[in-house]
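Spelled out, the chains give:
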Amino acid sequence: MPSPLPSPAPLAAGAHGADAAGLICGYLFDGRPCSPARPLDLDEAALWLQGFTDTRADADPTAPPQPDTAPPYAWLHFNLNHAQAQRWLERHAGLPDSFYEALRDGAHSTRIERDDDALVAVINDLHFDFGFEPSDIATLWIGVGPRLVVTARTRPLRSVDDLRLAVRTGEAPRSTTELLERLMRTQADVLVGVVRTVTGRIDAIEDSLLARRPDAQRARLGELRRVLVRLQRLLAPEPAALFRLLQRPPAWMAEDDAQGLRDASEEFSVVLRDMHGLQERVKLLQEEVAASVQEDNNRSLFVLTVVTVLALPINILAGLFGMNVGGIPLADNPHGFWHLVAIVATFTAVAAWLAFRKKK
C-alpha cells in the first residue's frame, strides 16, 4: 500500500483550479465509508501514484477487496483545456492507452469498456449552466482502475460538480467502482431534473394551446424536442454498454460494486424511457400545433377567396363600362346607375350563395 502522505492544511474551495497541469480537484479516499476524503494537490497526487506503482510488485491490485477492508484510492479531475493535462496523466496515471487515445481523438460517442484491468468510459453530460440548448451537452472521459479514478472534461459539467460537492460535504465512496456508480446516479438525478423541467414547460405549452395561442409555442416545442433528441441519442447507449461490461467485470471489482452499477444502470434506463415518452408527447403537441395553424391558414384562405368572388361582378362590370368607346349601354338612361347597381348586387348575391354553399 502506498505510504501515507502528511495531512495538508485545509484547502479553500477551488484551490486546485490553478494547478499548471489542469487539476481541478483531487481527493484521496481511505476506503472507509464514514471517513472523509482528503484533498490532493498535483504534487501529492504524483507522489501517491508513484508510491502505488512501487508497491504493485508486492500486492495484487486486481484481487477483489476483502469484505472488511477496502484499499485506498484517489480521484483526480482534470480540465483538458490545459495543455499539460494529458501529458501529466500519461506520465503519472498509468491508465491504458485506449484512455489517452480517446482524449487525443476527442471521441464523443458513449461507451464503457474494459481494457486489461481498467475501465475506460466516454459519457456525455450537461453543462453546469445548462440552458436547454442542444449545444449545452459536453463529454466526460473517465478512466477507472482498482486504485485510481481519473475524470477529464473541457467544460464544467453538472453531475461532476454535484459529485464534488457531495465529496466535500463528507460523502466517501468505498471504492473506485462505487465512485463511478455515484457519478452515474448523480448524472441520472440531473437528468431527472431536466425531465421535470421539460414536463413543466410542456404543461404550460398545452395550456396555451387550449387557450388557442399556438403560434407562440412552435419555436419552444422545437427547441425542447431538439434537446431531448440529442440527449437521447448521446445517452441511450450508456446502459447497454454498462450491461455488456458487467457480463465480464474486472477481477478487482467486488460483487456488491457490480450490483450497484447494475442498479444505477436500471435507474438510468428509467430516466431515458421517461425522456423518450416526453419526445413522443412533444411530437404529438407539434402535430396538434401544425394542425391548428393549418386550420387557421385554411380559414384565412377561404375568407380571401370569398372576398375575391364577391368582388368579381363589380370588377367585370367596371371594366366593361369603363372602356372609352361608343355604344355603352344605359349611357343616356337617367336611371342607368341604379340599373347597374341592381345587376351588380344580383350577381354578387349569386356568387355569395355559390361560395357559401360549397363551404357547407
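On a predicted model such as this, the values are computed, not experimentally measured, just so you know.

A. Focus on helix α2 (residues 85-92). Every buried residue of α2 is accounted for by Ala-85, Gln-86, Trp-88 and Leu-89. Taken around the axis of α2, the buried residues stretch over an arc of 160°, which confines them to a single face. Two residues or fewer after α2 comes Gly-94, characterised by a positive phi angle close to 70°.

B. Inspection of the pairing of strand β4 (residues 111-115) at higher detail. The pairing of β4 with strand β5 (residues 118-126) spans five bridges and is classified as antiparallel. Of the residues in β5, the one forming a bridge with Ile-112 is Ala-121. Between β4 and β5, which pair antiparallel and follow one another directly, the connecting turn spans two residues, one of which, Asp-116, has a positive phi of 60°.

C. Quick peek at the packing of α2 against helix α3 (residues 97-105). Running from amino to carboxyl end, α2 crosses α3 at an angle of 170°, the nearest separation of the two axes being 11 Å. Considering their axes alone, α2 and α3 lie roughly antiparallel with respect to each other. Together, Gln-86, Leu-89 and Glu-90 of α2 and Phe-99, Tyr-100, Leu-103 and Arg-104 of α3 make up the contact between the two elements. The residue inventory of the contact of α2 with α3, partitioned by class, reads four nonpolar, one polar and two charged.

D. Focus on the sheet that holds strand β7 (residues 148-153). Across the sheet, which stays open at both edges, the seven strands sit in the order β2-β1-β3-β7-β6-β5-β4 with mixed pairing between neighbours. With one partner strand each, in any of the chains shown, β2 (38-39) and β4 form the two edges of the open sheet. Where strand β1 (residues 23-29) meets β2, two bridges bridge the pair, whose relative direction is antiparallel. The residue bridging Leu-28 from the neighbouring strand is Arg-38, located in β2. With respect to the sheet, α2 is in contact with β3 (73-79) and β7, its orientation differing from that of β3 by roughly 155°.

E. The side chain of Ser-175, seen in detail. If you trace the backbone, Ser-175 turns up in the loop between α4 (158-168) and α5 (176-210). Its relative accessible area of 10% is what places Ser-175 among the buried residues. In this structure, Ser-175 is in contact with Tyr-73 and Asp-257, ignoring residues within four places of it in sequence.

F. Quick look at the environment of Val-192. As for its position among the elements, Val-192 is in helix α5. Along the backbone, Val-192 and Phe-268 are 76 residues apart, and their C-alpha atoms lie at a distance of 9.4 Å.

G. View of the pattern of salt bridges. Evaluated as defined, the whole model comprises nine salt bridges. Between Asp-296 and Arg-299 there is a salt bridge; the shortest N-O distance is 2.9 Å. A residue pair is termed a helical-turn pair when its members lie 3 or 4 positions apart in one helix, as Asp-296 and Arg-299 do in helix α8 (residues 255-321) at three residues. Ionic contacts of the salt-bridge type, sharing partners, join the residues Glu-171, Glu-178 and Arg-182 into one network.

H. Geometry of the nonpolar core. Counting residues in hydrophobic clusters, the biggest one holds 33 residues, and the most contacted among them are Phe-29, Trp-75 and Ile-142. Of all the secondary structure elements, the ones that give two or more residues to this core are β1, β3, β5, β6 (137-144), α4, α5, α7 (237-246) and α8. Ignoring sequence-local partners within four residues, the contact set of Ile-142 consists of Phe-99, Leu-119, Val-120, Ala-121, Ile-123, Val-149, Val-150, Thr-151, Leu-180 and Leu-183. Counting 28 residues, the second-largest nonpolar core is a separate cluster that includes Leu-40, Ala-45, Ala-93 and Ala-152.

I. Summary view of the confidence of the model for the protein. The share of residues in the protein with pLDDT of 70 or more is 81%, and the mean pLDDT across the chain is 76. Predicted confidence is poor over residues 54-68, with pLDDT under 50, and the contacts of this stretch with residues over four places away or in other chains come to 18 contacts.

J. How the structure looks around the pairing of β3. Within β3, seven of the seven residues are buried, which leaves the element mostly enclosed by the surrounding structure. Burial along β3 is two-sided: Tyr-73, Trp-75, His-77 and Asn-79 and Ala-74, Leu-76 and Phe-78, pointing in opposite directions, are all buried. Bridge analysis of β1 against β3 gives six bridges, and the strand direction is antiparallel. Its bridge partner lying in β3, Leu-28 is registered against Ala-74.

The rules behind these values
- Each chain has its residues counted from 1, running along the sequence as written.
- In keeping with the predicted nature of the model, local features appear solely for residues at pLDDT of at least 70, side-chain atom pairs appear and are counted solely at 80 or more, and the whole-chain, interface and lining totals rest on all residues.
- Each side-chain value is worked out from all heavy atoms of the structure, with water and hydrogens disregarded.
- Burial here depends on accessible area, computed with a 1.4 Å probe over protein chains only, as a share of the maximum for the residue type. Under 20% is buried, over 50% is exposed, and the range in between is partly exposed.
- In DSSP terms, a helix is any run of H or I states spanning at least four residues, a strand is any run of E spanning at least two, and both are numbered starting from the N terminus.
- Directions pointing from the helix axis toward each C-beta atom define the arc.
- When DSSP finds two or more bridges between a pair of strands, those strands are recorded as paired.
- Axes here mean lines fitted to C-alpha atoms, for a helix over just the part in contact, with angles spanning 0 to 180 degrees between N-to-C directions.
- In these notes the angle categories are as follows: under 35 degrees is roughly parallel, over 145 is roughly antiparallel, 65 to 115 is roughly perpendicular, and the rest is oblique.
- When checking whether two residues touch, look at their non-hydrogen atoms; a contact exists if any pair is within 4.5 Å.
- All residues other than Ala, Val, Leu, Ile, Met, Phe, Trp, Tyr, Cys, Pro, Asp, Glu, Lys and Arg, Gly among them, are scored as polar; the first ten of these are nonpolar and the last four charged.
- Throughout this description, the term salt bridge denotes a Lys or Arg side-chain nitrogen within 4 Å of a carboxyl oxygen of Asp or Glu.
- Among the buried residues, those of types Ala, Val, Leu, Ile, Met, Phe, Trp, Tyr and Cys that are joined through side-chain atoms within 4.5 Å form a nonpolar core.
- The quantity called pLDDT is the predictor's confidence in a given residue, expressed from 0 to 100.

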